Amino acid sequence: MDKIEVVQIGVVNRDSPEEDEFDRSLVSRIVLKNEFADGLKGIEEFSHVFIIYWLDRIPDSKKRLVVPAGSQKLAQQVGVFATRMPIRPNPIGLSMVELVKHERNTIWVRGLDALDGTPVLDIKPYPECVKGKFIIADKFKVPNWLR
């Protein structure tokens, strides 16, 4: 299976295209196509959701080793899958965000690091619950270059 097709369910709308997408305090709108609006029923009962989106303005890259942000002074290369850098074989973005509000086919979220007009592929609630148990990472480790 070499090719996978995805469907755009909506789009990111920011108040201004000039907003700093890395300012996690800002609120963005996710506007779904009307045909997917019913899929949001009950979403407001969650405080956080994952937004999965397509990084449509990232150039194709064959890079597998990168120098991630924060490690430039060390000039340490790591594999692209050990980073959240947007240059990837499949330009898929993932952000866990705070759900602020839901109306009809639109949700407002705080903390989305996507540009205005970015295609949205999916929305998933957080946390996951399996057999009555929440899946929450409370013990984790990170590399020194990320600290």
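Residues numbered from 1 in each chain as written. Predicted model: local features only at pLDDT ≥ 70, side-chain atom pairs only at ≥ 80, totals over all residues. Heavy atoms only, no water.

(A) Region of interest: the pattern of salt bridges. One pass over the structure, following the stated rule, counts seven salt bridges. Residues Glu19 and Arg14 are paired through a salt bridge, measuring 2.9 Å at the closest nitrogen-oxygen approach. Like Arg14, Glu19 is buried. The salt bridge involving Asp122 is made with Lys124; its shortest N-O contact spans 3.6 Å. (Salt bridge = Lys/Arg side-chain N within 4 Å of Asp/Glu carboxyl O. Buried < 20%, exposed > 50% of the residue type's maximum accessible area, 1.4 Å probe, protein only.)

(B) Geometry of the sheet that holds strand β1 (residues 10–13). If you walk around this closed barrel you meet the six strands as β1-β2-β7-β6-β3-β8, and the pairing is antiparallel. Strand-to-strand twist in this sheet, taken as the mean axis angle between neighbours without regard to direction, amounts to 45°. (Pairing = 2+ DSSP bridges. Helix = DSSP H or I, 4+ residues; strand = E, 2+ residues; numbered from the N terminus. Axes fitted to C-alpha atoms, helices over the stretch in contact; angles between N-to-C directions.)

(C) Spotlight on the pairing of strand β7 (residues 106–110). The element β7 is extensively covered by neighbouring structure, given that four of its five residues are classed as buried. Where strand β2 (residues 27–32) lies against β7, five bridges are found, and the strand directions are antiparallel. Paired with Val31 across the two strands is Thr106, which belongs to β7. With five bridges connecting them, strand β6 (residues 92–103) and β7 associate as antiparallel partners. Looking at the pairing, Glu98 lines up with Arg110 of β7. Connecting the antiparallel pair β6 and β7 is a turn made up of two residues, with Arg104 showing a positive phi of about 45°.

(D) Spatial organisation of the nonpolar core. In this structure, Ile30, Val49, Ile51, Ile107, Val109, Leu112 and Ile123 are the most contacted members of the largest nonpolar core, which totals 18 residues. Taken together, the elements giving at least two residues each to this core come down to β2, β3 (48–54), β6, β7 and β8 (119–126). With three residues, β3 is the single largest residue contributor to this core. What Ile30 contacts, discounting residues up to four positions off in sequence, is Val11, Val12, Ile51, Asn105, Thr106, Ile107, Val109, Leu112, Val120 and Ile123. (Core = buried A, V, L, I, M, F, W, Y, C linked by side-chain atoms within 4.5 Å. Contact = heavy atoms within 4.5 Å.)

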